[in-house]
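Chain and residue survey
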Amino acid sequence: MSAPADLPTKQGSVAAAGQVHRPEGRTLPVLPTSRAVLALALAAPIALVIGAAAPQAWLIAPVAALVVLALVLIDAQLAGRLGPLALRFAEDCEVGGEFVLHADAATMGGRPRAMHLVMEGDPRLVPEGRCEIALTPDGADWRGGRVLAPTRRGTARLGGVWLRWTGPLGLGARQFTGTLEREVRIWPNVAAVRSPALQTFLKDAQFGLIARRMRGEGTQFEALAEYQPGMDRRRIDWKASARHSHLYAKEFETERNNQIVFAFDCGQAMSGPVRGMPRLDRAVSAALATSYVALKGGDKIALFGFAARPEVRTPFVTGQGAFLRLQRAAAQLEYRAQEPNFTLALATLSGQLQRRSLIVVFSDFTDLTSAQLMIESVGRLLSRHVVLFVTLVDDELETLSAKEPDSLQDLSEAVAADLLLRERALVLKRLQQMGVDVIEAPYDAIGPRLIDAYLEIKRAGAIG
């Protein structure tokens, strides 16, 4: 089954192998291997033994060293000259997804024993800035690959390339040193949007791939229908029923064209990782999945990012074709090592909204002081808007709190973690008492929970 035309394709899916890139550089003719260095190192104590036992045979040691050096030169020549070298990878990928790096090489006039490639790259793409690939023979060529997992959004650079291949004896080697200077764009992860589960849900939901009216819920009057047992009695139209001497009930249509704003806290707390991926990126993935559903339903979507001050603000977009614009805008959300200014950010956002909207705030907090400022700022939005507060479960605190203490340090860590969890629960409870819908869920459940909450708010007609 083919994907819908508006379904976002996986970034970087330019064939399975990606695009071909050829580094430029030069080849060093001869390099000794560790095996050759070990052989030369063993020659020194052997020379001492020979010199002590038979001084007249001292020439054996330097001759043996010269033999090893000659073998190194011969072995390096037997390794052959480097032929075409190609690196294949896609220039686009998604944070938390897979980035596949392929290497293909060939030698001319030689029989290499082994071949290894090392590449320098941005740490957000290449772990610790260094990636090593062991190539294996495939007929006359040598091939290898490595699967990497991008950890942060942005543009990652791939720079230096080193390829070393050894001769059949493993004593001599040759090395190619070059540069690539290519960039890889790391986008927000929208794997949830492409998932078969979400696509099936959209086809079966009240608003799916085929647009149709959504009767029975909402606040916009649609039509009168005969009253059936089980229908809400409050929807009976008594005047119409009296005129026709039969019970009739009102049918309503769920509102479309609602305004939904996803507000992202890009501060220090949201830049921390959760299972190898920043909280901010987990939030962006959940927001984009919900945006896809909302755009299908005819609503308007905008993104808003802030830290110490507002940074990203997109206009409202509508229509299924606008999803790519949202994904590109989400890629501009930067990680900031700053405390967020909720007062300035949410006041600015509220001043820019001309009508009642659903504001989804993604944030986290580490202490009661910063949380109090956040509570006050969110509370000011409630008079005009519907607010949904979304935060990720703190797995680290829960692990420390539930851990069986084996030492005094473990006990103190467990007590401190339990205290922070209690404060966290208190803050979320205060938000709920104010009338804010709160979602706290693990990273892998935050997307479905957010979609369910959005649909529930929409069905209740609370936005319009």
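The text that follows walks through the structure, step by step, so that each part is easy to find. Computed from a predicted model, the values in this text were never measured in an experiment.

1. Re the pairing of strand β17 (residues 310-313)
As paired strands, strand β16 (residues 300-306) and β17 are joined by 3 bridges and run antiparallel to one another. When the sheet's bridge partners are listed, G305 is paired in β17 with V312. Between β16 and β17, which pair antiparallel one after the other, the connecting turn spans 3 residues.

2. With respect to the packing of aromatic side chains
This model, assessed by the stated rule, comprises 6 aromatic pairs. Taking 5.9 Å as the distance between ring centres and 55 degrees as the angle between the ring planes, the aromatic pair formed by F89 and F99 counts as tilted. Placement of F89 in strand β3 (residues 81-89) and of F99 in strand β5 (residues 99-108) is noted, with a sequence separation of 10 residues between them. In this pair, the class of F89 matches that of F99, namely buried. Taken together, F262, F264 and F362 form an aromatic cluster joined through their ring pairs. Lying across the ring of Y335, R152 places its NZ or CZ 4.6 Å from the centre. Across from the ring centre of F365, 5.3 Å away, lies the NZ or CZ of R424, which sits over that ring.

3. As for the environment of R328
Relative to the assigned elements, R328 resides in helix α8 (residues 323-330). Residues R328 and P188, spaced 140 residues apart in sequence, show a C-alpha to C-alpha distance of 8.2 Å.

Conventions we followed
All residue numbers here refer to positions counted from 1 along the written sequence of the relevant chain. Whole-chain, interface and lining totals are the exception, using all residues; otherwise, since this is a predicted model, local features are given only for residues with pLDDT of at least 70 and side-chain atom pairs are given and counted only at 80 or more. Computation of side-chain values: all heavy atoms of the structure, hydrogens and water removed. A strand pair is defined by DSSP finding two or more bridges across the two strands. Put simply, DSSP marks the helices as runs of H or I at least four residues long and the strands as runs of E at least two long, and each gets a number from the N terminus on. Here is the rule: rings of Phe, Tyr and Trp (six-membered ring for Trp) pair when centre to centre is within 6.5 Å. Planes less than 30 degrees apart are stacked, more than 60 are edge-to-face, and the remainder are tilted. Only protein chains enter the accessibility calculation, which uses a 1.4 Å probe. A residue is then buried if its area is under 20% of the maximum for its type, exposed if over 50%, and partly exposed in between. Note on geometry: a ring has a charge over it if NZ (lysine) or CZ (arginine) is within 6 Å of the ring centre and within 35 degrees of the ring normal.

The values are spatial; any link to function lies outside them.
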